[in-house]
Amino acid sequence: MKEIVVISGKGGTGKTSLTASFSFLGGDKMITADCDVDAADMHLLLEPDFAESEDFYSGKMAFIDKNQCTNCGSCAAICRFDAIIEDGNVHRIIELNCEGCGYCYHVCPVDAISMIDNLVGKWYKSKIKTGSFMVHAKLGIGAENSGKLVAKVKQEAKALAEQLGKELVLVDGSPGIGCPVISSLSGANLVVLVAEPSISGIHDLKRVIQLIQKFQIPSCCIINKADINEKNTLELMEFLNRNSVKHIGNIDYNENFTKAMTEGKTIMEYSDKGLADKVQTLWNDILKIL
Ligand code: SF4
Ligand code: SF4
């Protein structure tokens, strides 16, 4: 079983539209994983049935039993994160502020505080319209630790692929270069970069390539919206060449990316044969490199 991870240095490059289209092309042969858990939107294109779900916990959070609290205020006095406030004749935790350090738990004179598992999100195993399955997740509002949730989504996608005898796991990775994208990259056989020739796009692509090089993962790149700035596109292509990243093709700006997404369709299902043929060719090239 092999794993392809699709990433972009920044959002808005068309990464998710392309990944969903590759998922459509891979069909029943592969499992798709949406690891862009901070802004998950591949479910809009692949129609998951959300058949199985599980809560995801990471770290700890303080909890005050108001029946035991004597309102002494010791906990609020030592909390460095302003996560405890007086509320009537007891104290209570502001969950979004609690960092789970446990200091309050140790100072409470009446053992009114316990440290409980922190619910940060939910992950799902769904049947999708390609006839195969997708593992995806939703991070709770204000929740952190998305890198751990990404690792969980990948782990479950691989386990499902093995269980069902699938050849491939296709991962829609997180944008940026932080913990979630590092988590997306671990164990990948090939990274597909989706870039765009804007100033920020070039800057972010350079950063993400530096990251990939540290992991020594083979990579290739698609430049989307290539015609919006041909000079920058040339600069990007030269940079890819200098850094041994295979440039597999350009896609000109096409508003049908957005129109297809608005209709909940992948590019392969949308009525733009020229664009669909282009995506098919890119997918064939990716499989050849893999
Ligand atoms: S666990 Fe730490 S951050 Fe959370 S309320 Fe207690 S002292 Fe504050
Ligand atoms: S330290 Fe314990 S008893 Fe005192 S206010 Fe905090 S929770 Fe209540």
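Residues numbered from 1 in each chain as written. Chains lettered and ligands numbered in written order. Predicted model: local features only at pLDDT ≥ 70, side-chain atom pairs only at ≥ 80, totals over all residues.

### Some thoughts on the packing of helix α7 (residues 199–215) against helix α8 (residues 230–242)
- Here α7 crosses α8 at 10°, and the two axes come no closer than 10 Å. Relative to α8, the element α7 lies roughly parallel. Taken together, the residues of α8 that come into contact with α7 (itself represented by I202, L205 and K206) are N232, E235, L236 and F239.
- For the contact of α7 with α8, the per-class residue count stands at four nonpolar, one polar and two charged. (Axes fitted to C-alpha atoms, helices over the stretch in contact; angles between N-to-C directions. Helix = DSSP H or I, 4+ residues; strand = E, 2+ residues; numbered from the N terminus. Parallel < 35°, antiparallel > 145°, perpendicular 65-115°, else oblique. Contact = placed C-beta atoms within 7 Å. Nonpolar A, V, L, I, M, F, W, Y, C, P; charged D, E, K, R; others polar.)

### Things to note about the pairing of strand β8 (residues 168–172)
- Burial of β8 is extensive: four of the five residues sit out of reach of the surface.
- Here five bridges tie strand β1 (residues 2–7) to β8, and the two strands are oriented parallel to one another. Opposite E3, over in β8, you have V169 as the bridge partner. (Buried ≥ 20, exposed ≤ 12 C-beta atoms within 10 Å, placed from the backbone. Pairing = 2+ DSSP bridges.)

### Considering the pairing of strand β6 (residues 113–127)
- With eleven bridges joining them, strand β3 (residues 52–64) and β6 adopt antiparallel strand pairing. Residue pairing for β6: E54 is matched across the bridge by W123.
- Here seven bridges tie β6 to strand β7 (residues 133–139), and the two strands are oriented antiparallel to one another. Its bridge partner being in β7, Y124 is matched across the sheet by H136.
- Between β6 and β7, which pair antiparallel one after the other, the connecting turn spans five residues, and G131 there sits at a positive phi close to 95°.

### Things to note about the site of ligand 1
- Every one of the 13 residues lining ligand 1 counts as a neighbour, but C79, A83, C98, C101 and C104 are closest to it.
- A breakdown of the residues in the shell around ligand 1 according to their chemical character gives ten nonpolar, two polar and one charged. (Near = placed C-beta within 6 Å.)

### Here we look at the domain arrangement of the protein chain
- Considered domain by domain, the protein chain is made up of domain 1 (2–47 + 128–289) and domain 2 (59–119).
- Taking only C-alpha atoms, the centre of domain 1 and the centre of domain 2 are 42 Å apart. (Domains from an automatic or database assignment.)

### Section: the nonpolar core
- Among the nonpolar cores identified, the biggest contains 67 residues, and A137, L149, V153, V192, L193, C221 and I222 are the most heavily contacted of them.
- Excluding residues within four positions of it along the chain, A137 makes contact with V37, A40, F56, G121, K122, W123, Y124, L149 and V153.
- One finds C79, I84, C98 and A112 within the second-largest nonpolar core, a separate group that totals 13 residues. (Core = buried A, V, L, I, M, F, W, Y, C linked by C-beta atoms within 7 Å.)

### Some points on the site of ligand 2
- Contacts to ligand 2 come from 13 residues, most closely from C69, C72, C75, H91 and C108.
- Its residues placed into classes, the shell around ligand 2 shows eight nonpolar, five polar and no charged.

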